[in-house]
Amino acid sequence: MKRVVIVSTGGTIASGKTSDHSVIADRNGATLIATLQDPLDGIALEVDDFRSVGSYALDLPTVHQLVGVVRAHLARADCDGVVVTHGTDTMEETAFVCDLLIASDKPVVFTGAQRHADMPNTDGPRNIADAVRVAAAPIACGLGTVVVFEGDIHAACSVSKTHTSRVDTFRSAGYGKLGEVDNAVVHIGRRPQRRVFADMGLVEGVELIKPGLGSTTAYLDFCASSGVPGVVIEAFGRGNAPRGYAGAVSRLVNGGSHVVIASRCAEGRTLSVYGGDSGATTLGAAGAIFAGELPAIKARLLLSVLMAAGADKNAIVRAFARF
Ligand code: ASP
């Protein structure tokens, strides 16, 4: 008999309608399990109620606490895998933090729902059943943290929520999904490269700035004057930014902040190709680090992890080069 622990954090999957017609996360893990329709033969379930909140309300210390909870379950000889039920809004971020910080080969599987538990066509029960099957599957060992949703299995480092309401919202741009659950059978088509980092927590206060065509440097200048520890810029294309950004990056770096350049493109990697004010070459010369293939929201989390571990600029450059 396999044993899977379900760590419940809230989100739509644990939500219902209130009398004022808003949707609130108010269900615990036992309630979620009670909705399962398909038999999960050979798999015993255990519930750990961690939180009951919308994922938009989570913060980095809470996510770090969750990492510790998941790790503790995985360390048990009688636990074969963990499923984390979580809101979809920030699922790709919490899953990515788990992927960065958890070294165990046992499966860690995130899932949730787009239709809350009081809706007749809620997608929660099917997603939980699929997630549990992945968490119990020997073939899923060594994949790192994954997201299982609408039958698809995605690597935490490449998955994104792409639609505000549809049940097939999760997609992996670039290399695509890892596999799928079909008729209760887990299929894996490719295995991602794993990258696990030292866990000293997550530095709070790394800011994320998304410029548009012709944006000013006002937010960057504010970050420089307030001494933020790090800034991720979601730049254009290969990693180019509006005029004046290289100067602002240089002021930030000289003030002791780390600056990481990601791209707003869903696929491809940053590269110092273009010069001038403020092409990627100029940003690099000003002291910026490039995020490679990592999207900006995940680059922010990796920078938070690396800074908590005391990494210097060279170590941060090497870490991002692994993506
Ligand atoms: N819309 C979200 C969800 O699917 C709310 C949240 O992220 O908690 O769960």
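Residues numbered from 1 in each chain as written. Predicted model: local features only at pLDDT ≥ 70, side-chain atom pairs only at ≥ 80, totals over all residues. Heavy atoms only, no water.

## Focus on the environment of Glu180
Stage number 1. Among the structural elements, Glu180 can be located in strand β11 (residues 179-182).
Stage number 2. Under the relative-accessibility criterion, Glu180 is labelled partly exposed at 31%.
Stage number 3. Separated by 97 residues in the primary sequence, Glu180 and Asp277 have C-alpha atoms spaced 45 Å apart.
Stage number 4. Ignoring any residue separated from it by four or fewer positions in sequence, one finds Glu180 in contact with Gly151, Asp152, Ile153, Val185, Val186 and His187.
Stage number 5. At a separation of 2.8 Å, a polar atom in the side chain of Glu180 contacts the side chain of Lys177. (Helix = DSSP H or I, 4+ residues; strand = E, 2+ residues; numbered from the N terminus. Buried < 20%, exposed > 50% of the residue type's maximum accessible area, 1.4 Å probe, protein only. Contact = heavy atoms within 4.5 Å. Polar contact = N/O pair within 3.5 Å; in protein donor to acceptor, adjacent residues only side chain to side chain.)

## Notes on the environment of Arg76
Stage number 1. Its place among the elements puts Arg76 in the loop between α2 (60-74) and β5 (81-85).
Stage number 2. With relative accessibility at 23%, the residue Arg76 sits in the partly exposed group.
Stage number 3. In this structure the C-alpha to C-alpha distance between Arg76 and Phe323, which are 247 residues apart in sequence, comes to 31 Å.
Stage number 4. In this structure, Arg76 is in contact with Arg3, Val5, Glu46 and Lys106, ignoring residues within four places of it in sequence.

## Focus on the nonpolar core
Stage number 1. One finds Phe110, Val134, Ile153, Leu302 and Phe320 to be the most contacted residues of the largest nonpolar core, which totals 79 residues.
Stage number 2. Looking at this core element by element, the count peaks at eight residues for helix α8 (residues 296-308).
Stage number 3. Filtering out sequence-adjacent residues up to four positions away, Leu302 remains in contact with Phe96, Leu100, Phe197, Leu294, Ala319, Phe320 and Phe323.
Stage number 4. Core analysis: the next-biggest nonpolar cluster, separate from the first, contains 20 residues, Cys223, Val231, Ala241 and Ala288 among them. (Core = buried A, V, L, I, M, F, W, Y, C linked by side-chain atoms within 4.5 Å.)

## Points about the site of the ligand
Stage number 1. Neighbouring residues of the ligand: Gly11, Thr12, Gly54, Ser55, Tyr56, Gly87, Thr88, Asp89, Ala113, Gln114 and Lys161.
Stage number 2. Between the ligand and the protein, one listed contact pairs an oxygen atom with a backbone N or O atom of Thr12 at 2.7 Å.
Stage number 3. Between the ligand and Asp89, the relevant distance is 3.0 Å, taken from an oxygen atom to a main-chain nitrogen or oxygen of the residue.
Stage number 4. For the ligand, whose free accessible area comes to 260 Å², the fraction covered by protein is 88%.
Stage number 5. A per-class count over the shell around the ligand returns two nonpolar, seven polar and two charged. (Near = heavy atom within 4 Å. Areas by Shrake-Rupley, 256 points an atom, 1.4 Å probe, with all protein chains shown as cover. Nonpolar A, V, L, I, M, F, W, Y, C, P; charged D, E, K, R; others polar.)

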